[in-house]
Amino acid sequence: MTMGLKGKAMRTGLLATALATVMAAQASAEELRIGFITTLSTPAGYIGEDIRDAFMLAIGEDGKLGDTPVVLEVEDDGLKPANAKQSADRLVQSGVKLFTGVNFSNVLAAVQPTVMKSGGFYVSVNPGPSVFAGEKCNPNYFVASYQNDAFHEAAGLAANKLGYKKVVILAPNYQAGRDALNGFKRTYEGEVVEEIYTKLNQTDFSVELARIRSAAPDAIYQFHPGGAGINFAKQYDNAGLKDSVPMLVPAFSLDAQMVKATGDAADGVYASALWTTEFDNDASRDFVKRFEEAYGRTPTMYAEQAYDTANLIASALDAVGGNIDDADAFRAALARADFEPIRDKYTFGPNQHPIQNYYLTRFEKNADGEIVQNVVERIAENHQDAYAADCRMD
């Protein structure tokens, strides 16, 4: 009898273990998998880290976006489009239907078509190539940040406001760089005396600085993200140009991490922006505080964009009960943008890119001697990008 009881107990234990395994598998199956391809290595890796960490902050300790349990499947693209495409192909083949995370437009150009061809959704934390906002727009492709040119169009308006009559403009020679300078020229009313394209991830700008000095402009407008932007700002200051030729940038050419690396070289620089850590609203202050407490550093604008992207996705998931297989319903829920962003409230245009406000900002020392990005004034209200008219969602 004792042996029988032991045998029964063993069978009960095995059944309980099997049941727990089945239940764990069911719970895992109920979690929504999100493909998160971003740049975590190379000198630009801090950008991907901010994007990933802010997205995880929105998910929270309960592992949910809104009411939906999610699993973030993170892949490092190494800033190589081929790596990113391989990751996208592998994730699509494993059944992932929702993607985000890419922070470089040349990388996104390799990922987005794979996701669209699979019938999945891509919700972008950073802008992609301009063609995706126009003639190659797609019903399943949303950009929760901005269209590439729009930031630079705002900078052109800022240059007009600041009274700059002739400028030199510079950017890396890749899609986002070309979009940047085209966007600036679209709204700038003065004379572009030099248009200079640099190498992606260039470190020495001595030749370009000599050309700027020779051109003697009223100001320069330059777009260089990450390490290249740090080097450019420091070399520009060391060359003695900052005091005689003011610098105007998009905010991502002097993000919070870059400012720490450049030091006083950032002081006095103007920038176009959607948001800064100095935004005067409760949601923004709460986000900055939570991010700093969680990660021990100041969030960049990339973090802000990722956090807003996560909350946009959460709002859409809540609207469809976490079921993205109902593609029409999920698409409509994303398009409503029914959430409170930490930057100004925005709506989606017909190409599913934001219609939103832009600001002129200035990097200045606060009472503690820290350089912060203060808001000067709003320079564009409900701004829509130039490519929306070319988008046909057929």
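Please refer to the structure placed before this passage.
Summary of the structure given here.

The rules we used
Residues numbered from 1 in each chain as written. Predicted model: local features only at pLDDT ≥ 70, side-chain atom pairs only at ≥ 80, totals over all residues. Heavy atoms only, no water. Pairing = 2+ DSSP bridges. Helix = DSSP H or I, 4+ residues; strand = E, 2+ residues; numbered from the N terminus. Contact = heavy atoms within 4.5 Å. Axes fitted to C-alpha atoms, helices over the stretch in contact; angles between N-to-C directions. Phe/Tyr/Trp six-rings, centres within 6.5 Å; stacked < 30°, edge-to-face > 60°. Buried < 20%, exposed > 50% of the residue type's maximum accessible area, 1.4 Å probe, protein only. Polar contact = N/O pair within 3.5 Å; in protein donor to acceptor, adjacent residues only side chain to side chain.

Turning to the sheet that holds strand β4 (residues 98–100), a few remarks are in order. An order of β2-β3-β1-β4-β5-β6 is seen for the six strands of this open sheet, with the pairing classed as mixed. Only two strands of the sheet have a single neighbouring strand rather than two, namely β2 (64–65) and β6 (141–143). As judged from the three bridges shared by strand β1 (residues 32–38) and β4, these two strands associate in the parallel manner. Bridging across to β4, Gly 35 finds its partner in Phe 99. Contacting β4, β5 (121–124) and β6, helix α12 (residues 327–336) runs over the sheet at an angle of about 10° to β5.

Quick look at the pairing of strand β3 (residues 68–76) now. Pairing of β1 with β3, which is carried by seven bridges, proceeds in the parallel orientation. Paired with Ile 37 across the two strands is Glu 75, which belongs to β3.

What follows is about unusual backbone geometry. Even without being a glycine, Ala 216 presents a positive backbone phi close to 50°. Here Ala 216 is to be found in the loop between α7 (206–215) and β9 (219–222). Despite not being glycine, Gln 352 shows a phi value in the positive range, around 60°. When you line up the elements, Gln 352 lands in the loop between β12 (347–348) and β13 (354–365).

What follows is about the packing of aromatic side chains. Scanning the entire structure with this criterion turns up 21 aromatic pairs. Pairing Phe 184 with Tyr 221 gives two aromatic rings, centres 4.5 Å apart and planes at 10°, and the pair type is stacked. Of this pair, Phe 184 sits in helix α6 (residues 175–187) while Tyr 221 sits in strand β9, and the two are 37 residues apart along the sequence. The burial state of Phe 184 is the same as that of Tyr 221; both residues are buried. Their ring planes at 40° and their centres at 4.7 Å tell us that Phe 287 and Tyr 307 sit as a pair that is tilted. Of this pair, Phe 287 sits in helix α10 (residues 282–295) while Tyr 307 sits in helix α11 (residues 301–319); the two residues are 20 residues apart in sequence, bridging distant segments of the chain.

This part is about the environment of Asn 160. Topologically, Asn 160 is positioned in helix α5 (residues 148–162). Here Asn 160 falls in the partly exposed class, since its relative accessible area comes to 23%. Each C-alpha atom, one on Asn 160 and one on Arg 336, is 34 Å from the other, the two residues being 176 residues apart in sequence. In contact with Asn 160, other than residues within four places in its own chain, are Thr 187, Tyr 188, Glu 189 and Gly 190. Among the polar contacts made by the side chain of Asn 160, one reaches the main-chain amide nitrogen of Glu 189 at a distance of 3.0 Å.

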